[in-house]
Amino acid sequence: MRKITFLLAFLLFVGMNMANAQTRTIHGTIVDSEDGQGIPGVTITVKGTTVGTTTDLDGKYSLEVKPEYKLLQFSYVGMKTVEITLSDQTEINVTLEPDVMQMDEVVVTALGVSREKKTLGYAVQDVSGDQLNQAKTDNVLNALSGRVAGVQVTNASGAVGASTRITIRGNSSFRSDNQPLFVVDGVPISNYSSGVDQWGGADFGNAIMDIDPENIESMTVLKGASAAALYGSRALNGVILITTKKGKANNNGLGVTYSYNVGFDKVYILPNYQNKYGQAGYGSEYAYNQYLKTNDNGHNADNYSYQQYTEQQVYSYYDGNWGGVNDGWDESWGSRLDIGLKLNQFDSPYTLDADGNPVYEATPWVSHPDNVKNFFNTGVSQTHNVAITGGNDKATGRLSYVYNDVQGVIPNTDMYKNSVNFTGTYKMTDRFQASANVTYTNNYSSNLPGNGYDPNNVMQSLGSWFGRQVNMQSLKDHWMELDPFGKPYTWSYYYHNNPYWTVYKNTSSRNRNRVMGNATLKYDINNWLNITFRAGTDFWSESRKHVVYNMSNESKNQGGNFWESTRSFQETNIDLYLNFDKSFGKDGIHRVSGLAGANYRNNSYLYNYMAADELTVPNFFDIGNAKGTANVDMYKSLRTTNSVYAQVDYSFKDFLFLGATIRGDWSSTLPSDDWNYWYPSVNAAFILTNLIEVDPKVLTFAKIRASFAKVGGDADPYSLYNYYRSATPFAGVSLYHYLRQNNNPNLKPEAQNSWEIGLDLKFWNGRVGVDFTYYDQKTTDQIMAIDVATSTGFDSRWINAGEIGNSGVELGAYVDIFKSKNFSWGVDLNWAKNKNVVNKLYGDLESYQIGSSWGGLSIQARPGETYGVIKGYAFLRDDNGNIIVDGGGLPERSSTLEELGNVVPDWTGGINNRFTFGNTSDWGQINFNFLIDGRKGGDIFSVTKMFGLYSGILEQTADNNVRETGAIAGVNAMTNESFVHEDGSALNTDLNDPDNTDIVAPSDFYYNSYKLHEWSIIDGSFIKLREISVGYALPKRLFENSKVIKGFDVSLYAHNVALLWVDSSNDIKIDPETAFGNSNSGQGIEQYQLPASRTIGFKFSVRF
Amino acid sequence: MKKIFNYTLLVLLIGLFATSCTKNWEENNIDPNNPVDVPMTNLLANSIINTGTDFFDEWQGMNNFLSYSGQITKIYYIDEARYQFRPNVVDNVWRDYYRVQIDLGKMKEKAIAAENPVMQAVAETYSVFLWQMAVDQWGNIPYSEAITAESAENWTPKYDNAKDIYTDLFVRLEEANKLFNSTTGIPASQIQIGNGDFIYGGDAAKWQKWCNSLRLRLAIRISNVNPAEAKNQLEAVLTDPAGHPVFASRDDEAKLKWEATAPYKEPWALNHESRDDHAMAETFVNKLLELGDPRLPVYALPIADGRYVGAPEGAPNNAFSPDTISRIGTLYRDIPDGYTYFMRYAEVQFIIAESALRGGVDAMAQAAYLEGIKASFEETEIADTCYAKYIDKDAVKWDGSTDEKLMKVYEQKWISLFKEGQELWAEQRRTDYPEMPSASGSFYGPENHNRGPFRYPYPVSEQNLNPVNSLPELEGIVDDFWGKQLFWDTRTGVH
């Protein structure tokens, strides 16, 4: 409570206008050399101090200066910095020129310290809010795709609210999810994610999606340990700093911006399905002919037509519950479609006989090629944003409200986000400044779709266990009705719900309330030293509820079931630090700056869960209605750390920059004799072009940099001592068992050592630039739960072990190919290659399991190999690579589990093209951008493929007449491979030979996919046209004399425009970007992915 | 400058104060969610429930063992019945055995500390019950060094010879029996089993009967490979009914009655709520039809035309139409608060019958044989009149040569063990009754083996995580399930 009072007091300060002592005031206007217009937001600082201000919307400023101030500096991103010596002026007007070289770019570094990028000895890369908002995405992380070298962004699916996983410089940890730390305005916040894995659950998203891109000024990626070293134990996976938009002084009153965005989502990647054969089994011409051959059954072949065979032996619908002929069979090996067969089907008209049983009227057995696609809607996402800024030279503030309404491509899925953000700064005195920032967000979804192998995921059925003859419109029109047997209306009740029933009835809702904010007090002790106190917290509370209606496939006679959970999370950080910046020597050639301070952090988490597997009153989802014993669970955890840290930076003239940091952490999760540990880092940058004269037309800028850092991490709470765990009570008696993961009282902190070197070059007056980084990092003594032989009674144990090395190169480059007043064309390139090696595990342990899937397939870490080896059953091959078939013509499998690929990509990259046409001084300016990104490698085990082959739903299972003639390996099935018999002899390739033992029934051939993992391994390489945007900025003169509207922008965009290329192994066409949530274990396994969607949108913003 | 010095000092002092403030940290890092100690009866409770859910459900029994022994089989997704196993299922059941054993080990430790001989004996009895099941399933397994990670830092336990494990199990059962007999003079409050005993409701006398009945089960299992030792063990129990009591009626049998509601419904009933993949096997249905056995309508449901039809075990695709196959009878399939049988009274009677017959005490054998059948009839709620008629049938009547009588014992025991997948499969391998050839749809080729599985595949996890000890055990295993017979499996000419 005290915290809140404190925050409120702060908010009240802002806007109050306190008088204070006057000294000399300087004022003036800063204008743009190109159009003579005032530039808002120019930073004006007294050189060598932290005193300064910024210009208002008209480019005007005023600043109180003291006699001892010597030099004023005017800087603005993209403009050349100007310095003016102070004498006794009262008005200083400055014209700023565009800086084509952009060498004075200011970036935010650790603990929110702004630094000129050129002075840094390590790699950081930032993305502006404008870029993030070019093509609006509902999860801000998606906007980073392809924009930052070395950052891999994986969006779990195109479903509403889906998680996005982001990794920087590869995977370095066995234990954590390898996700970076997120810091908003200097305060770490939560990116919690849970709920989904490959076996089901709704994807409840990752918590960073609460941050609306509209409120972001910039995002900075601190890639390596050196950049992030000041964050100590949390910097292991890199840090993403988010700077929010702030208020600006505006003497003309309030500045109001309203923007609106609408995006339309459409599913754009679905696997290739066959459209030749319908539901059930043994219905192909091949099966029919075999039947006639082997089963006389009194049928004369000539008299037993395909129609008769089908309705009597293959498929005839009665109740979808095996009451008819195979009407519960959910495979697609049934009879031929579109050849005039007529059969009883689930949507055939019927009359009731005397006993009340339905008598169907057979209807045409025809394909519905778009039945899966037709299930999906056009999703609509709308965002309204109003931002009010205002202030004067004492106080500024910004109040923003964002309303985001997303209707998903899956029917009845949605997300509603309301977010209010206030940020204010108030100069109480000359020396004392207070600021506060608070955001409240409500994120609500009435239903989020299920994922993975779960009946709640519509794709589990539609993606393989489905019929190509099913008319989706019938399912849509009647899903709320009951059939003649009183069951819900569906195409096959035995295994499946009507997909509309699934999404309208069996919902997963989520409601999250979140408050995050910070309050900062800064006091200038003198002109080179200040002290800052900052307290920040991120608090959220979330409830989730999943219900299953009675008579669903998951609860046929149990009255329905449900679970409900609530979680709350809070992280509080309090920092106190001194900030200094002082120049010495003649003309200030030596400059020393830095900080020293302490941090207190407290992390608490609370979880409650209750569930009823059966209900007394059907469909009444209350825990008091539970039939039998309710399942309940509760969990809480607490973690505290204390830290001290310091950073010193030294520069000599403007060409040599040295820096060092140190941080000590005390962590409550470690044993007391090992809970303190220290992390140092050093870095250096050298700007060659500032030391020696080089013709800027040739080499404009050259910098070389190098750094070394050590960071690390502590344990999870409660990893030290053993205990007992409870299960749901039986007959009112508690059930207790010993823990399965053996804890370890001797854990010590883990460590990551890394170094990097970089080269930053700009040529041809800065029109071409290259930024190159090589890094090498090693994470050792990892705190990891290794699997142990279960004959010990334990599944795993916590130990310090393992070593993962990551080394790689990152390349960022740009070329301004053409640049003139009315047309420009520039290209930005990002490319990164990371080489990851698991150096060792523990003892002689050969594998560490990261994830697993069907039939023994697993994703492993193995010594000497890249993290993420896929192991499973391969085809048995001879020395020449031919696949060996058995006596029945079926491909054989290896006797042992073999390496089939690796889930980690070889490289990732993106190319962005920027065009501008015209300018705002004349007819306005059109900005046109398109972004292409891609990756090489990154293998995937596709369950959609495995079961799609098994079930006969994929296109290739009906290609080359396999269902008419039967399949011969290499002849009309798997034609890209060659096959031999066990004795090395060739296969009999004659499909017409009645004695050919190499002919296999088509279903038997493809059933084999279940035991042959290699068949379903897909190389995840892709090239995507990620984004296109076209914006129009109206001519400035339109607004010059306007009292009301000060500006208007409009743009059109498309996100996930096209999957331009995939590897040939991706023959079924799945989206290679696939994951479950953002955990490690969901990587490299695709299991009924919800299809990716393309967004086409429109946005405009108007400034008043 | 002095001011600056003061500020710096202030920050440093605050920093120092903050970092040294680690009061209560060690307490805070003790898990508030899970207790460090629990009553032993609650460990027993969890062990019993896990036995039911982990070793007597569709993955252990319905899918595999009951098909191997010809009682029920899969009619949809026939993988396991065709010996196509899921490696993770094998890994999980192996793990589950050791999980229960570590809990029983903790229970035993606590019982010794609490000087509660009854609880100690219960832990031993239950532990032996599960060890025998695991040994019968795999043969050599980690035993003496298993679950010693905490006490001896042993994370890669060696494998013990199955035969040696059996020897130790006999010793442990005798010790347990002694403990049961050693309670005189101990206050009743000190020897409570507690409300976690879902099998016998805390009745130590019944536990003692199970302890000795189990010893009969172990003894009869080794009767072909080591008749002398078997005889010793059988005599030790059967000649001392006062000191070594065994099941005296169906009231004594070891079984778990489930709750009628989720999540603790009887596993077969729970399975049937969402699946209908299992049905009667033809070996069982044909045998009971041949016998004119009145229990058949209890074990099985008729098909639409009123007949009883079983499916071939582990058949290839399209070998039959599922709607022409009898499903499992309601008593065993659809009673949510039904039973999981760990050991029946009938089994004890058939063991006595077999040992008496082989020992030449025919009258005793006959009495036990009939008592066994009677117990089974009672369980299936068949009228006494039917029983009287049944035991008079030629195929059932106690006559013929010793071998013929032995076959009758095997046959009736096999029928009476309905649903006890583990014991059925073990006895099928020991007696070769019924003779179960390879499944017609065998994943390994029906022609390659003349019998069903000899053993269960070792888990992949042991190969990865305990390779030094597990890899040598793989030698000689053929097609995962064959190659090495259990030490008590004396069948010859089988492969």
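Residue numbers restart at each chain and count upward from 1, following the sequence in its written direction. Ligands are numbered from 1 and chains lettered from A, in the order in which they are written. Whole-chain, interface and lining totals are the exception, using all residues; otherwise, since this is a predicted model, local features are given only for residues with pLDDT of at least 70 and side-chain atom pairs are given and counted only at 80 or more. Think of the side-chain values as coming from all heavy atoms in the structure, minus any hydrogens and water.

Draft legend 1. Representation of the overall build of chain A. Helix and strand counts for chain A come out as 13 helices and 54 strands. Relative to the globule expectation of 32 Å for 1104 residues, the C-alpha radius of gyration of chain A, 33 Å, shows essentially globular dimensions. In terms of principal-axis extent, the alpha carbons of chain A reach across some 115 × 70 × 65 Å. Contacts are assigned to residue pairs that have any heavy atoms within 4.5 Å of one another. Long-range contacts, defined here as pairs at least 24 residues apart, represent 70% of the contacts in chain A between residues at least 6 apart. Surface exposure of chain A reaches about 40,000 Å², of which carbon and sulfur atoms provide 54%. Between the centroid of the 90 positive side chains of chain A and the centroid of its 117 negative side chains there is a distance of 10 Å. Only DSSP runs of H or I covering at least 4 residues are called helices, and only runs of E covering at least 2 are called strands; the numbering of each starts at the N terminus. For the radius of gyration, the atom set is restricted to C-alpha positions; the globular benchmark scales as 2.2 Å times the number of residues to the power 0.38. Note on areas: these come from Shrake-Rupley sampling with a 1.4 Å probe, and a residue is covered only by the protein chains present in the view. Only four residue types enter the charge count, namely Lys and Arg as positive and Asp and Glu as negative; His and the chain termini do not. Here the site of a charge means NZ on Lys, CZ on Arg, CG on Asp, or CD on Glu.

Draft legend 2. Expanded view of the overall build of chain B. Secondary structure assignment for chain B yields 22 helices and 6 strands. With the C-alpha coordinates aligned to their principal axes, the bounding extent of chain B is approximately 115 × 60 × 45 Å. Across the 495 residues that make up chain B, the buried fraction comes to 61%. Approximately 18,100 Å² of chain B is accessible, and the part contributed by carbon and sulfur atoms is 53%. Each residue is assigned to one of three classes by its accessible area relative to the maximum for its type, calculated with a 1.4 Å probe on protein chains only: buried under 20%, partly exposed between the two thresholds, exposed over 50%.

Draft legend 3. Representation of the pairing of strand 48 (residues 939-942) of chain A within the structure. Residue and element names in this part refer to chain A. Residues Asp939 and Phe941 point to one face of strand 48 and Ile940 and Ser942 to the other, with burial holding for every one of them. Strand pairing is defined by DSSP finding a minimum of two bridges between the two strands. Bridge analysis of strand 48 against strand 50 (residues 1017-1019) gives 3 bridges, and the strand direction is antiparallel. Its bridge partner being in strand 50, Phe941 is matched across the sheet by Ile1017.

Draft legend 4. Here's a closer look at the packing of aromatic side chains. In this scheme Phe, Tyr and Trp rings, the latter by its six-membered ring, pair at centre separations within 6.5 Å, and the angle between planes marks the pair as stacked below 30 degrees, edge-to-face above 60, and tilted otherwise. A complete count under the given rule lists 125 aromatic pairs over all chains for this structure. Between Phe730(A) and Phe198(B), the aromatic rings sit 4.6 Å apart at their centres with planes inclined by 55°, giving tilted as the arrangement. Note that Phe730(A) is positioned in strand 34 (residues 724-730) and Phe198(B) in the loop between helix 9 (162-180) and helix 10 (204-221), a pairing that runs across two chains. Assessed through its relative accessible area of 3%, Phe730(A) is described here as buried. On the numbers, 5.4 Å between centres and 70° between planes, the contact of Phe284(B) with Tyr299(B) is edge-to-face. Taken together, the residues Phe284(B) in helix 13 (residues 282-291) and Tyr299(B) in helix 14 (residues 296-299) connect sequence positions 15 residues apart. For Phe284(B), a relative accessible area of 0% translates into the label buried. The criterion is that NZ of a Lys, or CZ of an Arg, lies within 6 Å of the ring centre and within 35 degrees of the ring normal, and then a charge sits over that ring. The ring of Tyr873(A) has Arg893(A) lying over it, and the distance from NZ or CZ to the ring centre is 3.6 Å. Across from the ring centre of Trp268(B), 4.9 Å away, lies the NZ or CZ of Lys419(B), which sits over that ring.

Draft legend 5. A look at the sheet that holds strand 6 (residues 82-85) of chain A. Residue and element names in this part refer to chain A. An order of 3-2-5-6 is seen for the 4 strands of this open sheet, with the pairing classed as antiparallel. Strands with a single pairing partner mark the edges of an open sheet, and in this sheet they are strand 3 (52-54) and strand 6. When strand polarity is set aside, the average angle formed by the axes of neighbouring strands in this sheet is 15°. To obtain an axis, a line is fitted to C-alpha atoms, over the contacting stretch when the element is a helix, and the angle between two such axes runs from 0 to 180 degrees between their N-to-C directions.

Draft legend 6. Structural detail: the environment of Tyr842(A). Residues and elements named next belong to chain A. Position of Tyr842 relative to the elements: it lies in the loop between strand 40 (823-840) and strand 41 (848-852). For the pair Tyr842 and Thr439, spaced 403 residues apart in the sequence, the C-alpha separation amounts to 45 Å. Setting aside its immediate chain neighbours within four residues, Tyr842 contacts Ile786, Arg797, Ile799 and Ala801. A polar atom in the side chain of Tyr842 sits 3.5 Å from the side chain of Arg797. Between N or O atoms, a polar contact is any pair within 3.5 Å; within protein, one atom must be a potential hydrogen donor and the other a potential acceptor, and residues adjacent in sequence are included only when both atoms are from side chains.

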